[in-house]
Each structure stands twice: as structure tokens, then as C-alpha cells.
Amino acid sequence: MQEQQLQNKISEELYKDPFDLLCQLIQTPSFSKEENTTALQIQNFFEQRGVATHKHLNNVWAKNKFYNKSKPTFLLNSHHDTVKPNKGYTLDPFLPIQKNGKLFGLGSNDAGGALVSLMATFLHFYNEPDLKYNIIFAASAEEEISGIKGIEALLPHLGKIEFGIVGEPTLMNLAIAEKGLMVLDCMNYGKAGHAAREEGDNAIYHALKDMEWFKNYQFAKISPLLGSVKMSVTSVETENKAHNIIPSECKFVVDVRANELYSLEEILSEIKQHVTCEIKPRSLRIRPSSINMEHPLVKSGIKLGRSLYGSPTTSDKALMNFPTLKIGPGDSARSHTADEFIYVDEIKEGIELYTKLINEIIY
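The structure contained in this document is the topic of the report that follows. (Residues numbered from 1 in each chain as written. Predicted model: local features only at pLDDT ≥ 70, side-chain atom pairs only at ≥ 80, totals over all residues. Heavy atoms only, no water.)

All right, on to the sheet that holds strand β4 (residues 97-99) then. Reading across from one edge, β4-β5-β18 is the order of the three strands in this open sheet, with antiparallel pairing throughout. Two strands close off the open sheet at either side, each with one partner strand: β4 and β18 (341-343). Taking each pair of neighbouring strands and ignoring which way they run, the sheet shows an average axis angle of 25°. In terms of strand pairing, β4 meets strand β5 (residues 102-104) through three bridges, oriented antiparallel. The residue bridging glutamine 98 from the neighbouring strand is leucine 103, located in β5. Helix α4 (residues 108-126) rests against β5 and β18 of the sheet, and its axis sits at about 40° to β18. (Pairing = 2+ DSSP bridges. Helix = DSSP H or I, 4+ residues; strand = E, 2+ residues; numbered from the N terminus. Axes fitted to C-alpha atoms, helices over the stretch in contact; angles between N-to-C directions. Contact = heavy atoms within 4.5 Å.)

Structural data, given as C-alpha cells:
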């Protein structure tokens, strides 16, 4: 009976308005670092419904009506920035089009569907007086570029967070682990000389040995969720413009995808023990992460019949120092594709499942 009452309340109040908001967001360019207008739209949506909001940079957040500092806090987060549309679009990326049960438009799938579904979920619990947890909703900026003015800049303003949900397209399955990312700038040195004579020390040949190591090396710890640590050389260059000079320097870039069994520092240390090149990591911010399978959020999701998996793609989850579950409507395979879309029913399902997921643990 309680579940049927919950279903009736969702059906009556929480579907149409978030969908209309998503259509407005699609019409509004919100590339990373340029999200000010969508931030204001999100604020207006809440404030028209009596919810006070706060804004820091292009990040917007709100607290439930009966927020109590003595209670632990639960975060609902998704992002409102998008990538730029690629050249393959055949539809106007800023025109929300409904066709064959789909809503087309830039950001509809990544992560507009998750964003508005979480907003509806937040509104569902907003006026409830006897929750075990405070709830904070946060719409963050710069997720698509892992920018420093997004969730990372916002978190210090939110106080202590116990755990959270990160809204990304996962087909509403439970991404309980996520790969980390570390980009390495590597440099091998030699000695310049003329290519026609037996002189110089070719830096490329030194680099080739190290690149071969990156190609073949296997880290010992293999995750059942995320597999092994993966390293890929993605770019190579020298300082030479002419064909007849032995290069004294060879620079290459390595993309490292880390499973949750290693810290980025551990991986970096192990790499340095095996190669001769000079290594400079661009950042150690995008960390691998996981949430325990015994966490109430995960157990609630399993009870709802959702499957578990490890996500190869990064998100703002990497920047949070508390347990988070990545889950949301839509499909990651559609993200950043031409003529991006989300099924209309996926948004409805997202609101229903988010609400049931939280309902299991919030009272």
C-alpha cells in the first residue's frame, strides 16, 4: 500500500515539470565554463516552487526544508554543462525534438535526464519532516572538462557529506566503481647530431623502449569490476622540424586508467621504477573510486533489481572524498554522440527508481 501511495504521488506531481525544464535546458547553450544561464534556470525552477537556492560560481545547490545540522547529510548531484556538439549532428542540437518516444537535444542524455530526475526526487522529499538524513541537491558546472570551478569548488560550501548519488547515464544500473584517470607527460633525452653521420644519441630510440614497456606491463591487482590498470601512449613528438637532425628530446603522452585497487600515487611510483623517461603527471585529481556493496544505497538498489558494474568513464564522483553511487537514466553509449537523445520513458523511470532507492533508506 505504501509503495502504491508513493507511486500515485510521483505520477501526479513529478513528471511533467522536470521534462519541461529539460527542454528549456537543451535550448540554452551551457558549454563548460559557460553555464551561467542554465544555473539561473535551475534556480528559478526551484524558487518558483518555494525552494531557496544558493549559487557559487556556476554551481547551484539547495537544502531540504527541515535541514538539521545534527543529522548526517546525503548529496544528490548531477552536472548541467555539456560538451560542444560534434560535426555529425543532423538535427539542431539546441532544439528539443520529441520523436518515436525519444527526446533529442544536446545534453539530453549526458546528463540532463539524470539532472532533472534528481531535481524531481529532491522535491519529492523536500517537505518531509522526519528524515534520517539531510538532503542537499547540487547542480554542478565544468564536469565535462573536470574543471576546478565545478563540484570541487562547491563541496567546501556544503559541509560534511556522509554519502551521495552522482547522476550520470547508467541505464539506472549501479556503477559502484569507477576508473580513475592520470595523464603523464614523459620525456626522453639524447644528443643532437646530423642524421647523415654517425653522431648523436637518438632520443626516439630511448622513448621506444619506454613506450614498449607501457604497452606490455601488467599491474598485479586486477579488479573484478574494472579489470586491470590500462596504459596507452596517445601522442609522440620531438623538437625537430627538419628530417636530417637526430633528436635530442622525445616527448610522449600516456593515458593511464586506474582501477579502484590502486591509488594514483601507487601507480605512479611503480611506473617510475621501470622506465628511464622523465615523468610529470598533469594531475592526481581524477581518482578511482568505489562504494562498498554493503552500503545501504547499494543494498537498496539491489533490492530494486538493478545490476552492479564498474564504470570505465570518469565523472565528478572522482572528486568526492565520501562514498558515492553513480546511477541515472540514459545510456553512457549515447553521450557525446551526434543527435544525442534520451527516451522520454527513461526520465519517468529515473524519477521512480531514484525515489524508491532513497525511500528505502531515508526513513
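There is more to say, and it comes next.
By the secondary structure assignment, asparagine 58 is in the loop between β1 (54-56) and β2 (59-63). Looking at asparagine 58, its side chain comes within polar contact range of the side chain of glutamate 35, at 3.0 Å. With residues near it in sequence (within four places) discarded, asparagine 58 still touches Lys33, Glu35, Asn36, Ala39, His80, Ala139 and Ala141. (Polar contact = N/O pair within 3.5 Å; in protein donor to acceptor, adjacent residues only side chain to side chain.)

Applying the stated criterion to the full structure yields 16 aromatic pairs. Centroid distance phenylalanine 104 to phenylalanine 341: 5.6 Å. Interplanar angle 50°. Geometry classified as tilted. Of this pair, phenylalanine 104 sits in strand β5 while phenylalanine 341 sits in strand β18, and the two are 237 residues apart along the sequence. The residues phenylalanine 104 and phenylalanine 341 share a single accessibility class, namely buried. (Phe/Tyr/Trp six-rings, centres within 6.5 Å; stacked < 30°, edge-to-face > 60°. Buried < 20%, exposed > 50% of the residue type's maximum accessible area, 1.4 Å probe, protein only.)

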